[in-house]
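Close look at the chain arrangement
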Amino acid sequence: IVLNGQPWMVGTNLEKALRALREIPEVRLGMKVWIDCLCINQNDTAEKAVQVPRMAEIYKTASAVVSWLGDDEDRACDALELLEALGRCSNSDESLEEICSNFWTWEYAEPAWHITKLLMRSYWKRIWIAQEVVLA
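As recorded in an unreviewed UniProt entry, the protein chain goes by the name Heterokaryon incompatibility domain-containing protein, listed as coming from Lentithecium fluviatile CBS 122367.

The following block contains the structure:
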């Protein structure tokens, strides 16, 4: 990528995340994006000592937080869609059975298994993910 006018090597995972991010309409319209590993010099201990304590404020004041969970393998999008539908249960007149009935089809016979596989991804093993999720 080009970072501050200079070529900068990024890993495959970040490259995929950046490609996905640029498809978000708000990002295309110029929304500023904070990416920890790019915004904080990971090789500069003094900078990290200053920036890391600011992370709580960054997450609390963000208009949106997007996490890259990886490619859409193992029907991750289906799992996220089901989790979103389950979250609507508390704010809806629809019953849990009505919401979930959309997912219990022959094409989508094991939604709980897809959620399990999603939650087993390495993303959730990062210790600071708790701060990202809670503060966002």
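1. Topic: the nonpolar core
With 8 residues, the main nonpolar core is built from Leu69, Ala76, Ala79, Leu82, Ile115, Leu118, Tyr123 and Ile129. Listing elements by their share of this core, those giving two or more residues are helix 6 (76-88) and helix 8 (111-119). Examining the composition of this core, we find that 3 residues originate from one element, helix 6, more than from any other. If sequence neighbours within four positions are ignored, Leu118 has contacts with Leu69, Ala76, Ala79, Leu80, Leu83 and Trp124.

2. Here we look at the side chain of Gln51
Positionally, Gln51 belongs in helix 4 (residues 45-51). Side-chain polar atoms of Gln51 contact the side chain of Arg54, separated by 2.7 Å. Leaving out residues up to four positions away in the same chain, Gln51 has contacts with Trp34 and Ile40.

3. A few points about the pattern of salt bridges
In the structure shown here, the tally under the stated rule is 2 salt bridges. In this structure, the salt-bridge partner of Glu15 is Arg19, at a minimum N-O distance of 2.2 Å. Of this pair, Glu15 and Arg19 both sit in helix 1 (residues 12-21), 4 residues apart, which is roughly one turn of that helix. Looking at Arg19, the relative accessible area reads 44%, which means it is partly exposed. The shortest N-O distance in the salt bridge between Glu23 and Arg28 comes to 3.6 Å. Residue Glu23 is classed as partly exposed on the basis of its relative accessible area, which comes to 49%.

4. Quick notes on the environment of Val33
When you line up the elements, Val33 lands in the loop between helix 2 (25-28) and helix 3 (36-39). On a C-alpha basis, the gap between Val33 and Val65 in space is 9.3 Å, while along the polypeptide they are 32 residues apart. Discounting residues that sit within four places of it in the chain, Val33 has contacts with Leu21, Val27 and Cys39.

5. What to know about unusual backbone geometry
Positive phi values are uncommon outside glycine, yet Asn4 reaches one of about 55 degrees. Inspection of the secondary structure puts Asn4 in the loop between strand 1 (2-3) and strand 2 (6-7).

Calculation criteria
Residues numbered from 1 in each chain as written. Predicted model: local features only at pLDDT ≥ 70, side-chain atom pairs only at ≥ 80, totals over all residues. Heavy atoms only, no water. Core = buried A, V, L, I, M, F, W, Y, C linked by side-chain atoms within 4.5 Å. Buried < 20%, exposed > 50% of the residue type's maximum accessible area, 1.4 Å probe, protein only. Helix = DSSP H or I, 4+ residues; strand = E, 2+ residues; numbered from the N terminus. Contact = heavy atoms within 4.5 Å. Polar contact = N/O pair within 3.5 Å; in protein donor to acceptor, adjacent residues only side chain to side chain. Salt bridge = Lys/Arg side-chain N within 4 Å of Asp/Glu carboxyl O.

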